[in-house]
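Now for the letters of each chain:
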Amino acid sequence: DTFDLKANAPKEFRGGFRPIETTVPGFGICELMPQLASMGDRITAIRSITGMNNEHSNVQSETGWSIRSLDSMGGRPSVGAVMSKVYGAAQTTERGTAPTFVDLSRVSKPGFLGQVYAGYQPDGTGRQNLTLNSSVSLDRLGDRRQLLSGFDNLRRDIDGSGMMNALDSFTERAVGMITTGEVARALDLTQEDPRSLARYGYPTSREASKFVLSRRLSSAGVRAVSFSIGGWDTHSQNFNAMRKKLPELDRALSGLIQDLEAHGKLDDTIIMMSGEFGRTPRINGNAGRDHWPRAAFFFLSGGGMRHGQYIGSTNRNGEYAQDRPVHLQQVFATVYKQLGIDPDIITLTDPNGRPQFLVDDRTVIEELV
């Protein structure tokens, strides 16, 4: 119903929507996404994703792994957590200090890497703490840091859990973010031009704010932003739901691509999007689609990759990958390669002291690079 419509399939498979051509000949997507269709040269849809499991979780689309992989030691880390580990948990630029990784939806996990590399979650107390209280001067903040340092030196000698290292990391990031204020400003949508917000579809669509915030956080020095938008588990009345969801996605995602391009950042920013698995090709008795891990899609844009194409295809009814099957892990191998994190070389040490490759299938998708 999105990037791999089957207009010629029997009615119990093809659904209620027709494909429209993008600006790339032969590359059709759902009629409810005309803005994305108008920028077909800047997007890629992989229509033949394999290697997914029937797991109702974001883990596969954030890590490339099953939720069960290394589950006993915390699971596999997301792309953002891997970037925090490789690049450092905070970045300092001419604009100030920013966390490497921000998790806007509280869904991304650091896996076995631990909480030091978890995404910063800018909601509730975490959001409030970005603002320096008027009763606390910078000098007083410095005094508190010295006091904390004294306690840390006393406690570190008896701490065997590694938690003190995490607290040190959190402290440095927190102080840097509070004193520079760039991240707090990036999270303040009142600072955004209302015309820009409208281009994303905000405030009509509340989900659109996550797309805007991603661009603003990127401009503030954040290297990875993760978020989810819900409402896709349509076991009944799938097509009614899609008539609402897809135009919102079309507007917000195309707005993000246009905005990054206007700021000169599209080639430096990789946009990744997928569901947790595919949906059943055959429409069920409630006009819905159920879980179907045998075939799925992955959407990519930016990152200096070759776009303006679709890769692979499923059979006539969308049941399985027929041409150019692409394993889920190959997507991540390609993304890591583009990030300068070579999946053939880089390993992460798990809690048992064993090196773990970022993905097992490290084949790069040659059509993209």
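Residues numbered from 1 in each chain as written. Predicted model: local features only at pLDDT ≥ 70, side-chain atom pairs only at ≥ 80, totals over all residues. Heavy atoms only, no water.

Here the focus is the pairing of strand β4 (residues 90–93). Summarising the sheet, β4 and strand β5 (residues 96–99) pair through 4 bridges and their orientation is antiparallel. Counterpart to threonine 92 in the pairing with β5 is threonine 97. The hairpin turn running from β4 into β5, its antiparallel successor, is 2 residues long. (Pairing = 2+ DSSP bridges. Helix = DSSP H or I, 4+ residues; strand = E, 2+ residues; numbered from the N terminus.)

Attention now moves to the packing of aromatic side chains. One pass over the full model with this rule turns up 6 aromatic pairs. Measuring from centroid to centroid gives 5.6 Å for phenylalanine 3 and phenylalanine 299, while their planes differ by 35°, and the two rings are tilted. Separated by 296 residues along the polypeptide, phenylalanine 3 in the segment before α1 (11–14) and phenylalanine 299 in strand β11 (residues 296–302) bring together distant segments of the chain. The exposure classification of phenylalanine 3 matches that of phenylalanine 299, with both residues buried. Seen in terms of ring centroids, phenylalanine 27 and tyrosine 310 are 5.8 Å apart; in terms of plane orientation they differ by 50°. Their pairing is tilted. Of this pair, phenylalanine 27 sits in the loop between β1 (19–21) and β2 (28–30) while tyrosine 310 sits in strand β12 (residues 309–311); the two residues are 283 residues apart in sequence, bridging distant segments of the chain. Within the aromatic cluster, the residues linked to one another by ring pairs are Phe3, Phe297 and Phe299. The cationic tip of arginine 47 hangs over the ring face of tyrosine 310; the distance from NZ or CZ to the ring centre is 4.2 Å. Above the plane of the ring of tryptophan 65 lies arginine 76, whose end atom (NZ or CZ) is 3.5 Å from the centre. (Phe/Tyr/Trp six-rings, centres within 6.5 Å; stacked < 30°, edge-to-face > 60°. Buried < 20%, exposed > 50% of the residue type's maximum accessible area, 1.4 Å probe, protein only. Lys NZ or Arg CZ within 6 Å of the ring centre and 35° of its normal.)

Right, let's get into unusual backbone geometry. Cis geometry marks the peptide bond from tyrosine 202 to proline 203, where omega comes out at 10°. The residue proline 203 is located in the loop between α9 (194–200) and α10 (208–219) in this model. Notably, leucine 70 is not glycine yet its phi reads approximately 55°, a positive angle. With respect to the secondary-structure elements, leucine 70 resides in the loop between α3 (59–63) and α4 (79–87). With relative accessibility at 18%, the residue leucine 70 sits in the buried group. A positive phi angle, near 60°, is found at alanine 287, a position not held by glycine. For alanine 287, the position within the fold is in the loop between β9 (278–279) and β10 (291–292).

Right, let's get into the pattern of salt bridges. For the structure shown, the criterion picks out 20 salt bridges. Across the pair arginine 42 and aspartate 41 runs a salt bridge, and its minimum N-O distance is 3.3 Å. One salt bridge connects glutamate 261 with arginine 42, and the closest N-O pair in it is separated by 2.8 Å. On the criterion of sequence distance, the pair formed by glutamate 261 in helix α11 (residues 238–262) and arginine 42 in the loop between α2 (34–37) and β3 (43–50) is long-range, its members being 219 residues apart. Residue classification places glutamate 261 among the partly exposed residues on the basis of a relative accessible area of 38%. Where salt bridges share partners, they join Glu192, Arg199, Arg215, Arg216 and Asp259 into one cluster. (Salt bridge = Lys/Arg side-chain N within 4 Å of Asp/Glu carboxyl O.)

Moving on, we come to the confidence of the model for the protein chain. Low-pLDDT portions of the prediction should not be read for the details of their coordinates. The predicted model of the protein chain averages 89 in pLDDT, with 85% of residues at 70 or higher. Under a pLDDT of 50 for its full length, residues 132–136 has, in the predicted model, 6 contacts with residues more than four places off or in other chains. (pLDDT = per-residue confidence, 0-100. Contact = heavy atoms within 4.5 Å.)

The next point concerns the environment of glutamine 329. On the secondary structure map, glutamine 329 appears in helix α12 (residues 328–338). Take glutamine 329: its relative accessible area is 6%, and that puts it in the buried class. In sequence terms glutamine 329 and threonine 63 are 266 residues apart; their C-alpha atoms lie 8.4 Å from each other. The contact partners of glutamine 329, leaving out residues within four places of it in the chain, are Gly64, Trp65, Val359, Asp360 and Asp361. Engagement of the side chain of glutamine 329 in a polar contact is seen with the backbone oxygen of glycine 64, the distance being 3.3 Å. (Polar contact = N/O pair within 3.5 Å; in protein donor to acceptor, adjacent residues only side chain to side chain.)

The next thing to look at is the side chain of arginine 76. Within the secondary structure, arginine 76 is located in the loop between α3 and α4. Put simply, arginine 76 is tucked away with no salt bridge, and the nearest opposite charge, on aspartate 360, sits 5.5 Å away. In this structure the side chain of arginine 76 is engaged in a polar contact, spanning 2.9 Å, whose partner is the side chain of serine 69. Discounting residues that sit within four places of it in the chain, arginine 76 has contacts with Thr63, Trp65, Ser69, Leu70, Lys109, Gly111, Phe112, Gln356 and Phe357. (Lys, Arg positive; Asp, Glu negative; His and termini not counted.)

Now for α10. In a regular helix each residue adds 1.5 Å, so 12 residues correspond to 16 Å; α10 covers 17 Å between its end C-alpha atoms and thus fits that length. With respect to burial, α10 is a largely interior element, 11 of its 12 residues being buried. Restricting attention to buried positions, one finds in α10 the residues Ala208, Ser209, Lys210, Phe211, Val212, Leu213, Ser214, Arg215, Arg216, Leu217 and Ser218. At its buried positions, α10 is contacted by β6 (101–103), α8 (182–186), α9, β7 (224–226) and α11. (Expected span 1.5 Å × (residues − 1).)

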